[in-house]
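Chain by chain, the residues run as shown.
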Amino acid sequence: MLPIINGESIKELDQEFILSKGILSIDLMEEAASAFVEWFYGIFKDRTIKIYIFCGPGNNGGDGLAIARLLSKMGYPINVLYLMNGKGCSKDFQANFKKLPKNFIATNFENWNRQIDHGSIVIDAIFGVGLSRVLEGAISDLIGELNNAIATRIAIDLPSGLPSDSVTTGQVFHAEHTVTFQFPKLSLLFPEHIQFTGKLHVVDIGIEDQFLQKFSSNTFYIRKEDIFSRHRYFHRFSHKGDFGRVLFIGGAPGKIGALFLSSYAALRSGSGLVSCAPEFEENSSVQIPYNEIMLFQVKSNTDLGNMDAIGIGPGWGTAIDPDYFLSIMVRFNKPMVIDADAINLLAANPFLLKKVPKNSILTPHLKEFERLVGKVSNHAERIEKATSFAIEYNVVVILKGAHTLIALPDGRKLFNSTGNQYMATAGSGDVLTGMITSFLGQGYSPENAAICGVFHHGLAGELASQSKRRGMIASDIIEKIPNTFIELGIE
Ligand SMILES: NC(=O)C1=CN([C@@H]2O[C@H](COP(=O)(O)OP(=O)(O)OC[C@H]3O[C@@H](n4cnc5c(N)ncnc54)[C@H](O)[C@@H]3O)[C@@H](O)[C@H]2O)[C@@H](O)CC1
Ligand SMILES: Nc1ncnc2c1ncn2[C@@H]1O[C@H](COP(=O)(O)OP(=O)(O)O)[C@@H](O)[C@H]1O
Ligand SMILES: [K+]
């Protein structure tokens with residue numbers, strides 16, 4: 001997995017990397033500039049579009065100058081506006097300034113006519129990870145002006161004004177695209193920063209994972225290449241028992257659809273045998289819309305021991321007796337997936353928390369999470385609380401949303417890279433519960449079930465959105481689950 005390094009350690013990382021490779025820091029800057037330009041050309045093919053590049057005094061500004069040179073060579077009309085030049089600027093900024101072609105338009109922003117043509121592109125190379133304080137004065141005013149321009153705004157590495165690891169309090173550049181180098185900086189993954197970061201693109205500048213590992217802070221980004229080895233593989237003699245027997249408990253009257261969605265998602269994720277136990281007095285009257293799913297009844301003496309995994313909570317309602325939940329946890333006594341109303345039940349009856357089987361997986365959305373741990377004021381605090389909750393109760397916490405966080409009981413924090421806003425639709429969380437439960441039932445460790453479930457779920461959402469966007473529904477995600485295995489080369 002790709003380590004996410006904090007802003008303060010990035011200078012050290014660069015040093016270590018360039019020393020061991022025997023290159024200069026300006027070579028790495030050139031690599032970063034080329035990676036940006038390659039991304040840029042992939043999207044903005046029209047070489048007559050006017051581009052304004054705003055450069056700060058540090059290496060982020062140095063990136064901007066190198067990018068200006070490369071884009072200008074490709075024929076794009078470029079205007080460079082710099083905050084300062086010479087003394088006070090980083091050495092690679094100065095070197096790149098000297099490398100600008102002779103006839104190049106580079107203006108100190110104090111002498112700038114403050115005009116940005118409509119429809120042009122504004123590139124923010126003012127500050128990156130070296131930001132040391134909240135923006136104020138002329139720089140803050142400049143960013144305010146840029147934010148009002150009728151232009152496409154692109155940030156290099158970080159939108160200027162955004163601290164790399166924490167929540168912002170000041171003026172920040174509003175990017176439509178942020179092109180960040182090598183790994184996403186933590187603050188780019190916070191929901192409250194979406195108006196600053198826009199679409200996130202991570203571009204490779206050649207620093208291998210082994211260098212990043214040394215500076216790792218227990219925080220990782222899950223990529224496509226991390227998934228293959230986390231799956232279990234079956235052979236030609238495998239039978240349905242090997243693919244796991246799973247049970248879903250939930251579905252009170254009026255909310256039974258949630259249970260069916262989880263059950264169906266489990267089948268599509270490869271489960272061998274799927275049963276569901278709706279919370280009905282007399283469940284013989286329940287019609288299951290899928291022939292492959294079996295109906296099950298959980299009575300006080302029902303043996304749950306032969307189930308490989310249980311997913312509990314989707315559509316369970318609020319009228320569940322906590323002792324009934326307790327008896328299920330005690331009888332099953334293996335890691336289970338706890339979602340929705342089962343989480344609400346834990347929140348309302350904290351004595352149950354200590355009884356949750358070790359290494360169980362809790363999948364709260366942000367509201368459910370607050371019910372569990374109390375109000376939080378921002379995402380940084382939410383991440384910390386999810387991590388300490390996972391450690392304290394020895395469970396996996398999956399905090400759902402864009403860049404879903406998987407907090408593991410050993411303190412590691414993993415952020416997901418798949419998914420999109422079209423998945424914000426009723427029942428898509430139930431689908432996730434079905435997928436994770438399925439993997440758990442197929443014999444995956446709770447960590448791998450959580451990682452594969454979250455990654456495949458987001459990928460299924462992406463595949464579904466190739467033909468449907470707004471108006472996509474949870475069942476569309478389920479239909480694409482089998483394609484995610486094909487996409488990742490998983491047999
Ligand atoms: N491995 C990497 O990540 C690489 C990073 N590079 C670039 O280098 C950047 C980091 O460069 P630097 O460390 O020079 O830092 P920055 O260029 O982000 O900013 C540092 C400069 O801004 C000034 N400054 C900071 N906060 C300010 C504020 N609030 N108001 C006014 N001035 C302020 C500092 O005094 C310093 O001059 C990265 O974001 C990236 O763009 C690339 O060049 C190459 C590789
Ligand atoms: N903007 C988004 N980007 C990526 N994934 C999203 C986004 N919005 C929602 N999702 C995913 O969709 C699911 C929604 O879950 P949840 O809120 O529990 O829905 P429900 O209760 O209706 O089943 C989660 O897995 C979440 O990560
Ligand atoms: K920037």
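Residues numbered from 1 in each chain as written. Chains lettered and ligands numbered in written order. Predicted model: local features only at pLDDT ≥ 70, side-chain atom pairs only at ≥ 80, totals over all residues.

*Asks:* Any details on the overall build of the chain? Residues and values, ideally.
*Replies:* In terms of helices and strands, the chain carries 15 helices and 18 strands. For 491 residues, the compact-globule formula gives about 23 Å, and the C-alpha radius of gyration of the chain, at 26 Å, lands near that figure. Summarising its shape, the C-alpha atoms of the chain cover approximately 85 × 45 × 45 Å along the three principal directions. Looking at the 491 residues of the chain, the share that counts as buried comes to 48%. (Helix = DSSP H or I, 4+ residues; strand = E, 2+ residues; numbered from the N terminus. Rg over C-alpha atoms; globule rule 2.2 N^0.38 Å. Buried ≥ 20, exposed ≤ 12 C-beta atoms within 10 Å, placed from the backbone.)

*Asks:* How would you sum up the site of ligand 2? Please name residues and give values.
*Replies:* The environment of ligand 2 is formed by 17 residues, the closest being Lys400, Ala402, Gly419, Ala424 and Gly429. The element that contributes the greatest number of residues to the shell around ligand 2 is helix 13 (residues 428–441), accounting for 4 residues. Across the shell around ligand 2, the residue classes tally to 5 nonpolar, 10 polar and 2 charged. (Near = placed C-beta within 6 Å. Nonpolar A, V, L, I, M, F, W, Y, C, P; charged D, E, K, R; others polar.)

*Asks:* A description of helix 11 (residues 366–373) should follow, citing residues and the corresponding values.
*Replies:* Three or more residues of helix 11 are buried, namely Glu368, Phe369 and Leu372. The arc that holds every buried residue of helix 11, seen down its axis, measures 100°, which confines them to one face. As for helix 11, its buried residues are in contact with helix 10 (340–348), helix 12 (379–393) and strand 16 (396–399). Note on helix 11: the residue one or two positions beyond its end, Gly374, has a positive phi of about 95°. (Arc of directions from axis to C-beta. Contact = placed C-beta atoms within 7 Å.)

*Asks:* Tell me about the site of ligand 1, and name the residues and values.
*Replies:* Around ligand 1 sit 29 residues in total, of which Gly58, Asn59, Asn60, Gly128 and Gly130 are the nearest. The element best represented in the shell around ligand 1 is helix 3 (residues 59–73), accounting for 5 residues. Residue classes in the shell around ligand 1 are distributed as 13 nonpolar, 11 polar and 5 charged.

*Asks:* Which residues make up helix 5 (residues 137–148), and what values do they have?
*Replies:* The first and last C-alpha atoms of helix 5 sit 17 Å apart over 12 residues, in line with the 16 Å expected at 1.5 Å per residue. For helix 5, the set of buried residues is Leu142, Ile143 and Leu146. All buried residues of helix 5 fall inside an arc of 95° around its axis, so they share one side. Of the exposed residues in helix 5, the ones pointing more than 90 degrees away from its buried face are Gly137, Asp141, Glu145 and Asn148. Check the buried side of helix 5 and you find it contacts strand 2 (51–55), strand 5 (120–125) and strand 6 (151–156). (Expected span 1.5 Å × (residues − 1).)

*Asks:* Now, about the pairing of strand 11 (residues 273–278): what can you tell me, with residues and values included?
*Replies:* Pairing of strand 10 (residues 245–250) with strand 11 involves 6 bridges; the strand directions are parallel. The residue bridging Leu247 from the neighbouring strand is Ser275, located in strand 11. The parallel pair strand 10 and strand 11 is bridged by helix 8 (residues 256–268), and the resulting crossover is right-handed. As paired strands, strand 11 and strand 12 (residues 293–295) are joined by 3 bridges and run parallel to one another. (Pairing = 2+ DSSP bridges. Right-handed = clockwise from strand over helix to strand, strands pointing away.)

*Asks:* Mind laying out unusual backbone geometry, listing which residues take part and the relevant values?
*Replies:* Not every positive phi belongs to a glycine, and Arg114 is a case in point at roughly 55°. Relative to the elements of secondary structure, Arg114 occurs in the loop between strand 4 (106–108) and strand 5. Accessibility expressed as a C-beta count within 10 Å gives 9 for Arg114, which makes it exposed. One non-glycine residue with positive phi stands out, namely Asn333, at about 55°. The partly exposed category is assigned to Asn333, around which 13 C-beta atoms lie within 10 Å.

*Asks:* I'd like a rundown of the sheet that holds strand 16, residues and numbers included.
*Replies:* The sheet built from 11 strands is open, its strands ordered 1-9-18-17-16-15-14-13-10-11-12 with mixed pairing. On the outer flanks of this sheet lie strand 1 (2–3) and strand 12, each paired with one strand and no other. Two elements, strand 16 and strand 17 (residues 405–407), share 3 bridges in a ladder whose sense is antiparallel. Bridged to Leu399 within strand 17 is Leu405. Set on the sheet, helix 13 makes contact with strand 10, strand 13 (309–312), strand 14 (337–338) and strand 15 (361–362); between it and strand 13 the angle comes to about 165°. The strands that helix 14 (residues 446–464) touches are strand 15, strand 16, strand 17 and strand 18 (413–415); relative to strand 16, the one it contacts most, it runs at about 10°. (Axes fitted to C-alpha atoms, helices over the stretch in contact; angles between N-to-C directions.)

*Asks:* Let's hear about the domain arrangement of the chain: which residues, and what values?
*Replies:* Each assigned domain of the chain is listed with its residue range as follows: domain 1 (2–209) and domain 2 (228–487). Here the C-alpha centroids of domain 1 and domain 2 sit 41 Å apart. Contact with domain 1, which involves 6 residues of that partner, is made by 7 residues of domain 2. (Domains from an automatic or database assignment.)

*Asks:* Can you lay out the packing of helix 3 against helix 4 (residues 91–98) for me, pointing to particular residues and giving the numbers?
*Replies:* Packing of helix 3 against helix 4 leaves a shortest axis separation of 8 Å and a crossing angle of 20°. By the criterion of interaxial angle, the relationship of helix 3 to helix 4 is roughly parallel. Handedness of the crossing formed by helix 3 with helix 4: left-handed. Contact with helix 3, carried on its side by Asn59, Gly61, Gly62, Leu65 and Ala66, involves Asp92, Phe93, Asn96 and Phe97 of helix 4 and no other residues of that element. Along the lines of polarity and charge, the residues of the contact of helix 3 with helix 4 split into 4 nonpolar, 4 polar and 1 charged. (Parallel < 35°, antiparallel > 145°, perpendicular 65-115°, else oblique. Left-handed = near helix turned anticlockwise from the far one by under 90°.)

*Asks:* I'd love a proper account of the packing of helix 14 against helix 15 (residues 474–487), names of residues and values included.
*Replies:* Orientation of helix 14 relative to helix 15, taken along the N-to-C sense of each, is 105°, at an axis distance of 7 Å. As summarised for this structure, helix 14 and helix 15 are arranged roughly perpendicular, according to the angle between their axes. Across the interface between the two elements, His456, Leu459, Ala460, Gly461, Leu463 and Ala464 from helix 14 touch Asp476, Ile477, Lys480, Ile481, Asn483, Thr484 and Glu487 from helix 15. Grouping the amino acids of the contact of helix 14 with helix 15 by side-chain chemistry returns 6 nonpolar, 4 polar and 3 charged.

*Asks:* Tell me what's going on with the nonpolar core, and back it up with residues and numbers.
*Replies:* Formed by 145 residues in total, the largest nonpolar core has its most connected members in Ile53, Ile123, Ile361, Val397 and Ile406. Broken down by element, the residue count for this core peaks at 10 residues, all from helix 14. Two domains share this core, each providing at least three of its residues, namely domain 1 (2–209) and domain 2 (228–487). Look past the residues within four positions of Ile361 in its chain and what remains in contact with it is Pro335, Val337, Ile338, Val395, Val396, Ile398, Ile436, Pro446, Ala449 and Ala450. (Core = buried A, V, L, I, M, F, W, Y, C linked by C-beta atoms within 7 Å.)

*Asks:* Describe the UniProt feature "domain: YjeF N-terminal" (unreviewed entry) in the chain, naming the residues involved and giving the relevant values.
*Replies:* UniProt tags residues 10–213 as "domain: YjeF N-terminal" (unreviewed entry). Within the segment residues 10–213, helix and strand shares are 37% and 17% respectively, and the terminal C-alpha atoms sit 12 Å apart. (UniProt positions renumbered as here; feature names shortened; annotations may be inferred.)

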